[in-house]
Amino acid sequence: MMLRIDCLRAIYSDLEKCLVVTIMGALPAELQSLGHRPNFFYLQHAMGLASSTGLGLALCLPHQKIVVLDGDGSLLMNLGTLSTLARYKPRNFVHIVFDNESLLSVGGFPTATSTGTDLEGIARAAGIPQTCSVRTVDDFASAARRAISSEGLQTIVAKVEATGPKAFITDLGLLENRFQFRRHIQSLAAKSR
Amino acid sequence: MPVSLENSKLIYRGLKGCGIRLLSALPETWLVHLIQIAEDDPEMRLVRLAKEEEGVGLSAGAHFAGVKSAMLMQNHGFLAAINGIVSFAHLYKIPLLMLVSYRGSFGERDPWQTQGGNVTEPLLRAMNIPYSCLDASASVEKRIAQAHTLAESSLQPVALLLTRDLMWGE
Ligand SMILES: Cc1ncc(C[n+]2csc(CCOP(=O)(O)OP(=O)(O)O)c2C)c(N)n1
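Residues numbered from 1 in each chain as written. Chains lettered and ligands numbered in written order. Predicted model: local features only at pLDDT ≥ 70, side-chain atom pairs only at ≥ 80, totals over all residues. Heavy atoms only, no water.

Quick look at the overall build of chain B
Here's step 1: A count of helices and strands for chain B gives 8 helices and 6 strands.
Here's step 2: By the compact-globule yardstick of 15 Å for 170 residues, chain B fits well, its C-alpha radius of gyration being 14 Å.
Here's step 3: The dimensions of chain B, computed from C-alpha atoms along their principal axes, are 40 × 35 × 30 Å.
Here's step 4: Taking all 170 residues of chain B together, the buried fraction comes to 56%.
Here's step 5: Surface exposure of chain B reaches about 6,800 Å², of which carbon and sulfur atoms provide 52%.
Here's step 6: Side-chain charges of chain B comprise 15 positive and 17 negative groups, with the mean position of each set lying 4 Å from the other. (Helix = DSSP H or I, 4+ residues; strand = E, 2+ residues; numbered from the N terminus. Rg over C-alpha atoms; globule rule 2.2 N^0.38 Å. Buried < 20%, exposed > 50% of the residue type's maximum accessible area, 1.4 Å probe, protein only. Areas by Shrake-Rupley, 256 points an atom, 1.4 Å probe, with all protein chains shown as cover. Lys, Arg positive; Asp, Glu negative; His and termini not counted. Charge placed at Lys NZ, Arg CZ, Asp CG, Glu CD.)

Examining the overall build of chain A
Here's step 1: Each helix and strand counted, chain A has 8 helices and 8 strands in total.
Here's step 2: Its C-alpha atoms give chain A a radius of gyration of 15 Å, within 12% of the compact-globule value 16 Å for 193 residues.
Here's step 3: Overall, the C-alpha framework of chain A stretches about 50 × 40 × 30 Å when taken along its three principal axes.
Here's step 4: Put simply, of all contacts in chain A between residues at least 6 apart along the chain, 74% involve residues at least 24 apart.
Here's step 5: By element, 54% of the accessible surface of chain A is carried by carbon and sulfur atoms, the whole surface being about 8,000 Å². (Contact = heavy atoms within 4.5 Å.)

Description of the site of the ligand
Here's step 1: Around the ligand sit 17 residues, and of these A:Gly73, A:Ser74, A:Asn100, A:Ser102 and A:Ser105 come closest.
Here's step 2: The environment around the ligand is built from residues contributed by chains A and B.
Here's step 3: Contact between the ligand and A:His45: a nitrogen atom at 3.3 Å from a side-chain N or O atom of the residue.
Here's step 4: In the environment of the ligand, an oxygen atom lies 2.9 Å from a nitrogen or oxygen atom belonging to the side chain of A:Asn100.
Here's step 5: Protein coverage of the free-state accessible area of the ligand, which is 580 Å², stands at 82%.
Here's step 6: Of all elements in the fold, only helix H4 (72–76) and strand E5 (102–103) of chain A reach the threshold of two or more residues within the shell around the ligand.
Here's step 7: When residues of the shell around the ligand are assigned to their parent elements, the largest contribution, 3 residues, is made by H4(A).
Here's step 8: For the shell around the ligand, a count of residues per class yields 7 nonpolar, 8 polar and 2 charged. (Near = heavy atom within 4 Å. Polar contact = N/O pair within 3.5 Å; in protein donor to acceptor, adjacent residues only side chain to side chain. Nonpolar A, V, L, I, M, F, W, Y, C, P; charged D, E, K, R; others polar.)

Overview of the environment of A:Ala29
Residues and elements named next belong to chain A.
Here's step 1: In this fold, Ala 29 is placed in helix H2 (residues 26–34).
Here's step 2: In this structure, the C-alpha to C-alpha distance between Ala 29 and Pro 165, residues 136 residues apart in sequence, is 7.2 Å.
Here's step 3: Beyond its immediate chain neighbours, meaning those up to four positions away, Ala 29 contacts Pro 165, Ala 167, Phe 168 and Thr 170.

Comments concerning a nonpolar patch on the surface
Here's step 1: On the surface, A:Leu103, A:Val106 and A:Phe109 cluster together into a nonpolar patch covering about 280 Å² of accessible area.
Here's step 2: With respect to the helices, strands and loops of the structure, A:Phe109 is situated in strand E6 (residues 109–110). (Patch = residues over 30% accessible without salt bridge, like charges linked within 9 Å, V, L, I, M, F, W, Y side chains within 5 Å. Salt bridge = Lys/Arg side-chain N within 4 Å of Asp/Glu carboxyl O.)

What to know about the packing of aromatic side chains
Here's step 1: Applying the stated rule across the entire model yields 10 aromatic pairs over all chains.
Here's step 2: On the numbers, 6.2 Å between centres and 75 degrees between planes, the contact of A:Tyr12 with A:Phe40 is edge-to-face. On the criterion of sequence distance, the pair formed by A:Tyr12 in the loop between helix H1 (4–11) and strand E1 (19–22) and A:Phe40 in strand E2 (residues 40–42) is long-range, its members being 28 residues apart.
Here's step 3: Of the aromatic side chains, those joined through ring pairs into one cluster are A:Phe41, A:Phe181, B:Phe64, B:Phe88 and B:Tyr92.
Here's step 4: Just above the ring of A:Tyr12 sits the side chain of A:Arg37; from NZ or CZ to the centre is 3.9 Å.
Here's step 5: Sitting over the face of the ring of A:Phe179, A:Arg178 holds its NZ or CZ atom 4.1 Å from the ring centroid. (Phe/Tyr/Trp six-rings, centres within 6.5 Å; stacked < 30°, edge-to-face > 60°. Lys NZ or Arg CZ within 6 Å of the ring centre and 35° of its normal.)

Points about the nonpolar core
Here's step 1: Among the nonpolar cores identified, the biggest contains 86 residues, and A:Ile96, A:Phe98, A:Phe140, A:Ile156, B:Phe88 and B:Met98 are the most heavily contacted of them.
Here's step 2: No other element matches helix H3 (residues 50–60) of chain A, which puts 6 residues into this core.
Here's step 3: By size, the runner-up hydrophobic cluster in this structure holds 31 residues, among which are B:Leu10, B:Leu31, B:Met44 and B:Ile144. (Core = buried A, V, L, I, M, F, W, Y, C linked by side-chain atoms within 4.5 Å.)

Brief notes about H1(A)
All names here are of chain A.
Here's step 1: For H1, the set of buried residues is Arg 4, Ile 5, Cys 7, Leu 8 and Ile 11. When H1 is viewed along its axis, its buried side chains cluster within an angular range of 160 degrees and face the same direction.
Here's step 2: Buried-residue contacts for H1 involve H2, strand E3 (66–71), strand E4 (93–99) and helix H7 (137–149). (Arc of directions from axis to C-beta.)

The values reported here are purely geometric and, on their own, carry no functional implication.
What follows is the structure, given as structure tokens:
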């Protein structure tokens, strides 16, 4: 089985030109271990709302590519987001769901994807125009790269192992991250003016 | 339907006057006109939600993008959005302009609205959310502008309760 950190490493350079929103806990710790960038926003609570935040960004910044790095537990907590995304179909939105079948960041409790719930199937049935599931780093990297470099709303479900870093707290303050992210977006707007 | 079209227009004008360009909404009876006006306005991006809590994320994304937004919901929708408000808007200092129809208060005939009516103001107070009731057409536009100004300067959620006196003409 593949590791999420290897997936992140594989697309790390492709994320440079995107605005990236992540869920809390293990995933942002992994991404920060590869190197924080001002275009990364880590939503370190409010489970489920990373994708809604991405939708707000995507609708307001149609010329920016938005990448949301979601988790199975977080998405299961806000399944309605898939129907809202599908309703507005932002063409600049890539929704990556790392499905480790677990609430890893609170100690590893199995989620319903471990007993058969199919998040790609739910996304497709919600009306997300392009969906796929991937199980190898190569497949993940090519699917994610294709999605990032093309137009259209896509959900990629990446089946990964339920392992991650030991600790999740980094020295990046929540507010520091938030203000830096907004300022970064303002600087993009200033550049394109 | 005795929902006041005139006062709905007034509220909408107040929102437009603040430069609101994105409105997230989940309907209830009192909000029908407001949502329709937003839908018909090419300058407004109306986002119809499945659950009100999504609106916190949408408004945060809009704020990061430099776009002014507001949330339209009923008080039970506010209840459904509370974790998002605390764990995102408060934690990350996100300005939210929340327009909340105040069901279940004096004059309410629907039994199912009454519990939510009881807890709306106590919850707003417990959460330290500045709020004000919109109850007279004369002060609507000014108060919306003031609420918006406070949300933007304090970087926090601010609520306006849309009351029966304003929204419902019987
Ligand atoms: C409303 C709410 N309930 C519970 C939690 C505790 N919690 C924090 S992270 C997390 C698990 C997230 O799971 P997932 O999205 O699958 O990501 P993973 O941790 O597996 O990477 C939980 C349950 C929370 N933060 N908020």
